[in-house]
Structure formats: C-alpha cells, structure tokens
Amino acid sequence: MNILSIDADNWVAQGLSALLTSQHDKVLTCASIGDARRVLTYQHVDILVVELKTEGDNIETIYDFLRLAQILYPQMRIVILTEITDAALLNFFVNTLSSITILKKSSSLVSIKRFFILPMESVAKTPMRSAAGSLSPQEFKMLKWFSQYSSQQEIAFKLRLNNKTISHYKRSIYTKLYCKNNVHFHDCLKRYGFNSMN
C-alpha cells in the first residue's frame, strides 16, 4: 500500500512509517500541495494523508486540491489529519467532499492504525453531519476575503455585493465558529493558514 503524506516537517510520515511496519506499506512524503500534484502524476497512491493547513497552503488551497484529487483519483482514500476542532469547518469538508475521513491528531494510535490496515470497503465513512452546523460554500469562500481586507465595505466593493450581505456572512461565520469578537475571528483565520491584514 502506498501512502502519500503532505507534511512539511515529515512528522506524520515518520509516525506512519513507524506505525505501519509491514513490508508492503510505503510512506511517501512531500512538503506542499504542489509537490503532491507532481508525485500523484507518476506514482500510484492508495491513501492520501493531508493536514487542513500546512506551512505553505491554507485551507482553501487544500480544499480545492482535495476536490480535484477526488475527481482524478476516485479509488484513492483521503484522510484529513487535523488539530483543528471547529465543527462548522470540519462539517463543511465532510458535507462537500465525498468519502473523506477526518482523524484528529489526538486520536489513539490504535484507531489510526486500524484505519490504515483495513481494506477500503470495510472502513466506515465519516458520517454526513447536518448542514445546520456547517459553513456554507459561500461562507467558506468569504474566509479568504475577511482575512485580506480590513473593512466590509472593501469586500462588498470588490465582490460587487451589498455591504449588508457581507455583514450577514460575517455574523453567520462568527456564530458557527463561536467567535466572540474580531480578534478571536482573525485568530481563527490565522489557524486556518490565512495571512490576516489586521
């Protein structure tokens, strides 16, 4: 089994190599989405392991890559290994990407190993969660805009939307991510890999 880990510091790849001691398992590693694209063009991969945010890629870049990977490599299992716990964001990934598994970095080694050694058919799919507790696709896209511009008026002007629409998106995102104020919101954006202008 070939496992590709997108992992800038190789910790995940080293851990998987130690955990999966079978001679048949090969763990490949790359530092970025760009490197992963190159590997996938010439190497068969059974399981792709990716973090929601890497040093060079934010969650939007990773989401776009995962959507494309599912189309080009439908037989490949995708595992998101994350320390992000924001349910609305994780639900967005589960609701918009089919057949992905989300594993928390705090998961036990036994449960992680169990996932990797079981055949694809016997792995329980991550259950679909209700859309009520999930960011909508438009709210997800707005995360980038809120990180790049300091005022809602600028965003409204750039997107040619009404300022009240932008305000509605921001309030909705605040509610779903449990943000108390603007500082907390921008801390969340930084955790997701967006470089905030504020």
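Residues numbered from 1 in each chain as written. Predicted model: local features only at pLDDT ≥ 70, side-chain atom pairs only at ≥ 80, totals over all residues. Heavy atoms only, no water.

**Thoughts on the nonpolar core**
And then number 1: Leu4, Leu66, Leu89, Phe93, Leu143, Phe146 and Tyr192 are the most contacted members of the largest nonpolar core, which has 51 residues in total.
And then number 2: Those residues within four positions of Phe93 in sequence are excluded, and the remaining contacts are Leu52, Ile59, Tyr63, Leu66, Ile80, Ile100 and Phe140. (Core = buried A, V, L, I, M, F, W, Y, C linked by side-chain atoms within 4.5 Å. Buried < 20%, exposed > 50% of the residue type's maximum accessible area, 1.4 Å probe, protein only. Contact = heavy atoms within 4.5 Å.)

**Some words on the state of the cysteines**
And then number 1: For the structure shown, the criterion picks out zero disulfides.
And then number 2: The cysteine Cys188 is free of any disulfide, with Cys179 supplying the nearest cysteine sulfur at 3.9 Å. (Disulfide = S-S within 2.5 Å.)

**With respect to the sheet that holds strand E1 (residues 2–6)**
And then number 1: Taken in spatial order, the five strands line up as E2-E1-E3-E4-E5 in an open sheet, and their pairing is parallel. Looking at the sheet topology across the chains shown, the edges are occupied by strand E2 (26–30) and strand E5 (100–104). The sheet shows a mean angle of 20° between the axes of neighbouring strands, taken without regard to direction.
And then number 2: Pairing of E1 with E2, which is carried by five bridges, proceeds in the parallel orientation. When the bridges of E2 are listed, Ile3 appears paired with Val27.
And then number 3: Of the strands in this sheet, strand E4 (77–82) and E5 are in contact with helix H4 (residues 87–96), which crosses E5 at around 155°. (Pairing = 2+ DSSP bridges. Helix = DSSP H or I, 4+ residues; strand = E, 2+ residues; numbered from the N terminus. Axes fitted to C-alpha atoms, helices over the stretch in contact; angles between N-to-C directions.)

**A look at the pattern of salt bridges**
And then number 1: Inspection of the entire model under this criterion finds five salt bridges.
And then number 2: In this structure, Lys105 engages Glu51 in a salt bridge whose closest nitrogen and oxygen atoms are separated by 2.4 Å. Residue Lys105 is located in the loop between E5 and helix H5 (109–117), and its partner Glu51 is located in the loop between strand E3 (47–50) and helix H3 (59–72); the two are separated by 54 residues in the primary sequence.
And then number 3: When its relative accessible area of 16% is taken as the criterion, Glu51 is described as buried.
And then number 4: Put simply, Glu139 and Lys176 hold a salt bridge, and the shortest N to O gap is 2.9 Å. Of this pair, Glu139 sits in helix H6 (residues 137–148) while Lys176 sits in helix H8 (residues 163–177), and the two are 37 residues apart along the sequence. (Salt bridge = Lys/Arg side-chain N within 4 Å of Asp/Glu carboxyl O.)

**What about the confidence of the model for the chain?**
And then number 1: For the chain, mean pLDDT is 84; residues scoring 70 or higher make up 88% of the total.
And then number 2: H8 holds the highest mean pLDDT among the elements of the chain, 95, whereas helix H1 (residues 11–19) holds the lowest, 76. (pLDDT = per-residue confidence, 0-100.)

**Structural notes on the layout of surface pockets**
And then number 1: Roughly 170 Å³ of internal volume is contained in the second largest pocket.
And then number 2: Every residue lining the second largest pocket is counted, 13 residues in all, and those nearest its centre are Val12, Leu16, Leu81, Leu109 and Ile112.
And then number 3: Per element, the largest residue contribution to the lining of the second largest pocket is five residues, and it comes from H1.
And then number 4: Of the residues in the lining of the second largest pocket, the class split is 11 nonpolar, one polar and one charged. (1 Å grid on protein atoms, 1.4 Å probe; cavity = no way out; pocket = protein on both sides within 12 Å on 5 of 7 lines; lining within 4 Å. Points joined across faces, edges and corners; volume = space filled by probe spheres on them. Nonpolar A, V, L, I, M, F, W, Y, C, P; charged D, E, K, R; others polar.)

**Describing the pairing of E1**
And then number 1: Counting buried positions along E1 gives five out of five residues, so the element sits mostly inside the fold.
And then number 2: As paired strands, E1 and E3 are joined by four bridges and run parallel to one another. Bridging across to E3, Leu4 finds its partner in Leu48.

**Considering the packing of aromatic side chains**
And then number 1: On inspection of all chains with the given rule, the structure shows nine aromatic pairs.
And then number 2: Centre to centre, the rings of Tyr63 and Phe93 are 5.5 Å apart; their planes meet at 90°, and the pair counts as edge-to-face. Remark: Phe93 occurs in helix H4 and Tyr63 occurs in helix H3; sequence separation between them is 30 residues. Of the two residues examined, Tyr63 and Phe93, each falls in the buried class.
And then number 3: Both rings, one in Phe92 and one in Phe140, keep their centres 4.3 Å apart while their planes meet at 15°; by these two values the pair is stacked. Here the residue Phe92 occupies a position in helix H4, and Phe140 occupies one in helix H6, the gap between them amounting to 48 residues. Phe140 shares its class with Phe92; the two are buried.
And then number 4: The rings of Tyr63, Phe92, Phe93 and Phe140 are connected pair by pair, giving a single aromatic cluster. (Phe/Tyr/Trp six-rings, centres within 6.5 Å; stacked < 30°, edge-to-face > 60°.)

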